[in-house]
Amino acid sequence: MIVAIDVQYMGNHAFVGGVVFDNWADAVPKHEYISHVENVGEYEPGYFYKRELPCILKLLNEHRLQPDIIVIDGYVYLDGSSQPGLGKHLFDAVDQSSEIIGVAKRSFSGISSEYEVFRGDSEKPLFITASSKLTDSKAYIKGMHGQFRIPTLLKRADQLCREEAKKHASLSDASDSNSAIG
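Computed from a predicted model, the values in this text were never measured in an experiment. (Residues numbered from 1 in each chain as written. Predicted model: local features only at pLDDT ≥ 70, side-chain atom pairs only at ≥ 80, totals over all residues. Heavy atoms only, no water.)

Student: I tried to follow the pairing of strand β1 (residues 2-10) on my own but got confused; where do I start?
Tutor: Strand residues, when the strand is regular, have side chains that alternate between the two faces of the sheet. For β1, the tally of buried residues reaches 8 of 9 residues, placing the bulk of the element in the interior. Where β1 folds back on strand β2 (residues 13-21), the antiparallel hairpin that results is connected by 2 residues, among which Gly 11 adopts a positive phi of roughly 65 degrees. Relative to strand β4 (residues 69-73), β1 is paired through 4 bridges, and the arrangement is parallel. From the neighbouring strand, Ala 4 faces β4, where its bridge partner is Val 71. (Buried < 20%, exposed > 50% of the residue type's maximum accessible area, 1.4 Å probe, protein only. Helix = DSSP H or I, 4+ residues; strand = E, 2+ residues; numbered from the N terminus. Pairing = 2+ DSSP bridges.)

Below, the structure written as structure tokens:
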């Protein structure tokens, strides 16, 4: 089982989306999951994992997911090989029971072209880091379904958490309107 996870923040709330699939070329997820996290910590420059890691772990634990591979929006290693990023912290938090592949949209200082993957006709690379063999991880992401830079199922994980955040915002707005009327 492979799960791609993304997180959307709204104030001190986080909405975590996870899509489960079995094969890298799958066009649609086998299952979709959402978790809502309240009282999320503030972003600390250089310590992004402190904010995001509890959100990812909640999704995994709440839905009893035990994937072979977890794909995250971010880096496993900030320098590609040794400086721990979110993915390395996640790898340790799951007792190294799941391989972690980080897919970042922006280059981090010091990341070399060795970590770049170009998909579709895009001239902008994705940056791949992994807890396992880099060449395999790059091939997996390159071979994912979709003709654009962002693979279909990674985009779906992003959409899922964004849609949930919008629903929450709509409900909050409706609740605020109702309390103003009363």
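Student: I tried to follow the confidence of the model for the protein chain on my own but got confused; where do I start?
Tutor: Atom-level detail of predicted coordinates should not be read off regions where pLDDT is low. Here the protein chain averages 91 in pLDDT, while 93% of its residues score no lower than 70. Counting contacts from residues 176-182, a segment whose pLDDT is below 50, to residues more than four positions away or on other chains yields 0 contacts. (pLDDT = per-residue confidence, 0-100. Contact = heavy atoms within 4.5 Å.)

Student: Looking at this model, I keep getting lost on the nonpolar core. Mind explaining?
Tutor: Soluble, globular proteins show a tendency: their nonpolar side chains are buried together. Counting 26 residues, the largest nonpolar core has Trp 24, Val 71, Ile 101, Val 103, Ile 128 and Ile 141 as the members making the most contacts within it. At the level of secondary structure, the elements contributing two or more residues to this core comprise β1, β2, β4, β5 (99-104), β7 (126-130), α3 (134-142) and α4 (152-181). Those residues within four positions of Val 71 in sequence are excluded, and the remaining contacts are Ile 2, Val 3, Ala 4, Ile 5, Trp 24, Ile 101, Val 103, Ile 141 and Leu 154. (Core = buried A, V, L, I, M, F, W, Y, C linked by side-chain atoms within 4.5 Å.)

Student: Help me understand the sheet that holds β4, please; the structure alone is not making it clear to me.
Tutor: Pairing within the open sheet is mixed, and its 7 strands lie in the order β3-β2-β1-β4-β5-β7-β6. If you trace the sheet from one side to the other, it starts and ends with β3 (31-37) and β6 (116-117), each paired once. One ladder, built from 5 bridges, connects β4 with β5; its direction is parallel. Residue pairing for β5: Val 71 is matched across the bridge by Ile 101. This element, helix α1 (residues 48-62), spans β1, β2, β3 and β4 of the sheet and lies at about 130 degrees to β1. Together, β4, β5, β6 and β7 form the strand contacts of α3, whose direction differs from that of β7 by roughly 135 degrees. (Axes fitted to C-alpha atoms, helices over the stretch in contact; angles between N-to-C directions.)

Student: Quick question: what am I supposed to make of α3 here?
Tutor: Residues that lie three or four places apart on an α-helix share one face, since the helix turns once every 3.6 residues. Buried within α3 we find Leu 134, Ser 137 and Ile 141. Taken end-on, α3 shows its buried residues confined to a sector of 65 degrees, consistent with a single buried face. On its buried side, α3 packs onto β4, β5 and β7. (Arc of directions from axis to C-beta.)

Student: What is the right way to look at unusual backbone geometry in this model?
Tutor: The phi angle of most residues is negative, glycine excepted, and most peptide bonds adopt the trans form. The residue Arg 64 is not glycine, and still its phi comes out positive at about 50 degrees. Position of Arg 64 relative to the elements: it lies in the loop between α1 and β4. Positive phi values are uncommon outside glycine, yet Gln 96 reaches one of about 55 degrees. Structurally, Gln 96 is set in the loop between α2 (86-93) and β5.

Student: Sorry, what's going on with α2 here?
Tutor: Every buried residue of α2 is accounted for by Leu 86, Gly 87, Lys 88, Leu 90 and Phe 91. Packed against the buried residues of α2 are α1, β4 and β5. Phi turns positive, to about 55 degrees, at Asp 95, one or two residues after α2.

Student: What exactly am I supposed to notice about the state of the cysteines here?
Tutor: Taken as a whole and assessed by the stated rule, the structure comprises 0 disulfides. The cysteine Cys 55 is free of any disulfide, with Cys 161 supplying the nearest cysteine sulfur at 10 Å. Residue class for Cys 55 comes out buried when judged on its relative accessible area of 1%. Overall, the relative accessible area of 0% leaves Cys 161 in the buried class. (Disulfide = S-S within 2.5 Å.)

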